[in-house]
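Okay, here's what each chain looks like letter by letter:
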Amino acid sequence: LALLLLECVDYSRHRVQNAAEKTNGKAGGLRLIMISKDQLSIEAAARGKWEWLRQIGCVSAEIPDPLAEGLVDGVPYFYNPLGHRGVVVLRGDSLRLMRLLQSGMKLDAGAEECEFYRENATRFFKVLYALADCELVQLSDGFSKLQEEQHRLRRQKVETFYVWLQLTDRCNLACGYCFVDKRSGSMPIDLAKEIVKKIVADAGDAGFRRVVFKLAGGEPMLQYRSVKELIDWCGAMPNPKGIALRFALLTNGTFMPAEILDMVVSGRLGISLSLDGVGKWHDSARRYKKDGRGSFADIDKTISLLVERNVKPYILVTVGVDNVGGLQEIAEYCFERGLRFRFNVRRLDRAVGGGTEDANKEIASGLRLCYEWMASNPPRESLYACHKFSNIHLLQPKRRVCGVGANTAMVSTVGGVSLCPQYDPVPIARFDSGNVVRMVTGQSRFEAKDINGAGDPACRGCVWRFTCGGGCPLHAFAHNGAGSRRSPHCNIFREVLPCFVKAHAKQLIVGK
Amino acid sequence: MEYEDLGVICVADGDALEVIASSGSEDEQDCD
């Protein structure tokens, strides 16, 4: 354990001076002691520091911009898109102080002029601290710096590199919206081993400590013997830097060989499963190639098999005009089984009547109805944990949507490395030509500054710009010639996100 | 929730951290 002393001595100088004068020189800013590098320790150390506010006596308190606000069952809720506490419901004294601050009350000259303060100074500062801790109020510069440090530590997860390993381009389904070119073949097992070994070494050299391989296709279960052999082989693979490895299967779930089921049950293989709805809603798009039969019944059996063995597959729901009417049913299906799931709006949807403005309106309307239903029928588990819209969970600002060009690569069946399986499958290199992980992280085609709609004036004033993260940058690139332009799904985000936030607020109120 | 007595209701910080920590796992697959 490292003993770290973090002295926040650079609070706004005059405020520290004022505070020192008011407290006979005893308050010189906030001193935090971290007893380990554990990211939680700094947060624990920061808790209960409302006394510090009272010592300081005067602070600047500003309402953040942007800040979304709404009412659910007559109760106000707030959501700071740049915050880290998600949706916050306020009642009683907290709402009273929030309204005072929203009306322009200033604390710069001291809190003594506030009636609430005069009634109960201790409670006043406790509430002020709570609002600041939930990031509904921005306090003085120093406090903001403390919060920034907390969030930097929160983000400091194990550095992970994600690899989409295209085990095969073949598939037993023929989904109208699929982006994979089915004409190609499969990845030989020896090539798969070489790729894994090389990328793990490259990732280690590039400073990553963990690599997640997403075993994908096509349908990777058509290569299930390779899946098993690859994972078994990796257990004994030379790994001098001790890079942690994890494997995740992205499957259509139409069949589950016993040896793969065992791997999933043992935890050696994670599983995500594509399910676009219940019954006809799923079958409308996801049919067998050989006879056109819908695949829901078989996938339902696979899910039952997994659930019986205490495995909860992650459900990926791809939303288009043909299944948007069934979202409530699939949400209910997942809630009942305790399955975590997400809704992704299709991007290459023109083949099945999507992608138009009318289609987007229909999709937005269906999503909105589903979130209204969720608000009235919240799951047993926290909605934050069990569901995402796109990859949005409201607990972190999104400055970029995914790891494209940063910590994600796709490797084709013949060993070509590219940035994204869907939008940019043209290889930038072969896996064995230099350090391909560095090539991905060092590429300049998609820089972070180009992401998040930063280049579109329509995004700059939007309250949701740090929630949607600008949508898929490559989707925007494909439509507008620049990843920085607003997402082609912008109107969907704008219509649906308020309902998505409200569903979270409702769950807080009913206490589930 | 630590601030409920003050009228503040939000997700517990530990639960929020858990959601953030699980982001980026296989469930982060973001392609159609």
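What you see is a predicted model; the values in this text were computed from it and never measured.

Caption draft 1: Geometry of the overall build of chain B. When you go through chain B residue by residue, the secondary structure sums to 1 helix and 1 strand. Per-residue burial over chain B gives 69% buried out of 32 residues. Of the roughly 1100 Å² of accessible surface on chain B, 47% is carried by carbon and sulfur atoms.

Caption draft 2: Main features of the packing of helix H8 (residues 189–205) of chain A against helix H9 (residues 224–234) of chain A. All names here are of chain A. Closest axis-to-axis distance for the H8/H9 pair is 10 Å, and the angle between their directions is 40 degrees. Considering their axes alone, H8 and H9 lie oblique with respect to each other. In this structure, the crossing between H8 and H9 has a hand that is right-handed. Contacts from Ile 189, Ala 192, Lys 193, Val 196 and Lys 197 of H8 reach H9 at Ser 226, Glu 229, Leu 230, Trp 233 and Cys 234. Of the residues in the contact of H8 with H9, the class split is 6 nonpolar, 1 polar and 3 charged.

Caption draft 3: Looking closely at the state of the cysteines. Residues and elements named next belong to chain A. This structure, assessed with the given rule, holds 0 disulfides over all chains. The thiol sulfur of Cys 370 is not disulfide-bonded, and the nearest other cysteine sulfur, from Cys 334, lies at 9.9 Å. When its relative accessible area of 2% is taken as the criterion, Cys 370 is described as buried.

Caption draft 4: Structural detail: the environment of Ser 103 of chain A. Residue and element names in this part refer to chain A. Here Ser 103 lies in the loop between helix H4 (92–102) and helix H5 (115–119). Classification of Ser 103 by relative accessible area gives exposed; the value is 59%. When the C-alpha positions of Ser 103 and Ile 63 are compared, they lie 9.8 Å apart, and in sequence the two are 40 residues distant.

Caption draft 5: Spatial organisation of the packing of aromatic side chains. Residue and element names in this part refer to chain A. All chains considered together, the criterion is met by 16 aromatic pairs over all chains. Between Phe 116 and Phe 124, the aromatic rings sit 5.5 Å apart at their centres with planes inclined by 80 degrees, giving edge-to-face as the arrangement. Relative accessible area serves as the criterion here: at 2%, Phe 116 is assigned to the buried category. For Phe 124, a relative accessible area of 0% puts it in the buried group. Each ring, one from Phe 213 and one from Phe 247, has its centre 5.7 Å from the other, and the planes form 20 degrees; the classification is stacked. With Phe 213 in strand S7 (residues 210–216) and Phe 247 in strand S8 (residues 244–251), the pair connects residues that are 34 residues apart, well separated along the chain. Here the aromatic residues Phe 335, Phe 341, Phe 343, Tyr 371, Trp 373, Phe 389, Phe 493 and Phe 500 are joined through ring pairs into a cluster of three or more.

Caption draft 6: Quick peek at the nonpolar core. All names here are of chain A. Counting residues in hydrophobic clusters, the biggest one holds 112 residues, and the most contacted among them are Leu 215, Phe 343, Met 374 and Phe 389. In terms of residue count, helix H20 (residues 490–510) provides more of this core than any other element does, 11 residues in total. Here Leu 215 is in contact with Leu 165, Leu 167, Pro 220, Val 227, Leu 230, Ile 231, Phe 247, Ala 248, Leu 249, Leu 250 and Leu 269, once residues within four sequence places are set aside. Within the second largest apolar cluster, 31 residues are counted, among which are Val 88, Leu 101, Val 127 and Tyr 129.

Caption draft 7: Structural detail: the sheet that holds strand S12 (residues 387–389) of chain A. All names here are of chain A. Here we have 10 strands laid out as an open sheet, ordered S12-S11-S10-S9-S8-S7-S6-S13-S14-S15, and mixed in their pairing. For this open sheet the edge positions go to S12 and strand S15 (429–430), each flanked by a neighbour on one side alone. The pairing of strand S10 (residues 314–319) with strand S11 (residues 341–345) spans 5 bridges and is classified as parallel. Within S11, the position partnered with Thr 318 by the bridge is Asn 344. Helix H12 (residues 296–308) rests against strand S9 (270–274) and S10 of the sheet, and its axis sits at about 155 degrees to S9.

Caption draft 8: Representation of the confidence of the model for chain A in the model. On average, residues of chain A score 83 in pLDDT, and 80% of them are at 70 or above. Long-range and interchain partners of residues 1–48 of chain A, a stretch whose pLDDT sits below 50, account for 87 contacts in this model, where long-range means more than four residues apart.

Caption draft 9: A look at the sheet that holds strand S5 (residues 87–90) of chain A. The sheet built from 4 strands is open, its strands ordered S3(A)-S4(A)-S5(A)-S1(B) with antiparallel pairing. Either end of the sheet is taken by a strand with one partner, and the two such strands are strand S3 (68–72) of chain A together with strand S1 (8–10) of chain B. The mean inter-strand angle of the sheet, taken between neighbouring strand axes irrespective of direction, is 30 degrees. As paired strands, S3 of chain A and strand S4 (residues 75–79) of chain A are joined by 5 bridges and run antiparallel to one another. Of the residues in S4 of chain A, the one forming a bridge with Gly 70 of chain A is Tyr 77 of chain A.

Caption draft 10: Molecular detail of the confidence of the model for chain B. Per-residue pLDDT for chain B averages 69, and the proportion of residues at 70 or more is 47%. Model confidence for the complex: the whole-complex pTM is 0.86, and ipTM, which rates the interface, is 0.83.

About the cut-offs
Each chain has its residues counted from 1, following the order in which its sequence is written. Think of it this way: whatever chain is written first is A, whatever ligand is written first is 1, and the rest follow in order. Since the coordinates come from a predicted model, pLDDT governs what is reported: local features require at least 70, and pairs of side-chain atoms require 80 or more to be given and counted, while whole-chain, interface and lining totals use all residues. For the side-chain quantities, the full set of heavy atoms in the structure was used; hydrogens and water were omitted. Helix and strand assignments follow DSSP, with helices taken as H or I runs no shorter than four residues and strands as E runs no shorter than two, numbered in order from the N terminus. Relative accessibility under 20% of the residue-type maximum defines a buried residue, over 50% an exposed one, and the middle range a partly exposed one, all with a 1.4 Å probe and only protein chains included. Note that accessible areas follow from Shrake-Rupley with a 1.4 Å probe, and for residues the cover is restricted to the protein chains shown. For every element, the axis is a line fit to its C-alpha atoms; helices are fit only across the contacting stretch, and the angle between N-to-C directions ranges from 0 to 180 degrees. When an angle is under 35 degrees it counts as roughly parallel; over 145 it counts as roughly antiparallel; between 65 and 115 it counts as roughly perpendicular; any other value is oblique. Crossing handedness is defined as follows: a turn of the near helix away from the far one that is anticlockwise and smaller than a right angle gives a left-handed crossing, while the clockwise case is right-handed. Residues count as neighbours in contact if any of their non-hydrogen atoms are within 4.5 Å of one another. The nonpolar class holds Ala, Val, Leu, Ile, Met, Phe, Trp, Tyr, Cys and Pro. Asp, Glu, Lys and Arg form the charged class, and all remaining residues, Gly among them, are polar. The disulfide criterion is simple: two cysteine sulfur atoms within 2.5 Å. Ring pairs are drawn from Phe, Tyr and Trp, using the six-membered ring of Trp, whenever the two centres fall within 6.5 Å, and their geometry is named by plane angle: stacked under 30 degrees, edge-to-face over 60, tilted for the rest. By nonpolar core is meant a set of buried Ala, Val, Leu, Ile, Met, Phe, Trp, Tyr and Cys residues that side-chain atoms within 4.5 Å join together. Between any two strands, at least two bridges found by DSSP are needed for them to pair. The quantity called pLDDT is the predictor's confidence in a given residue, expressed from 0 to 100.

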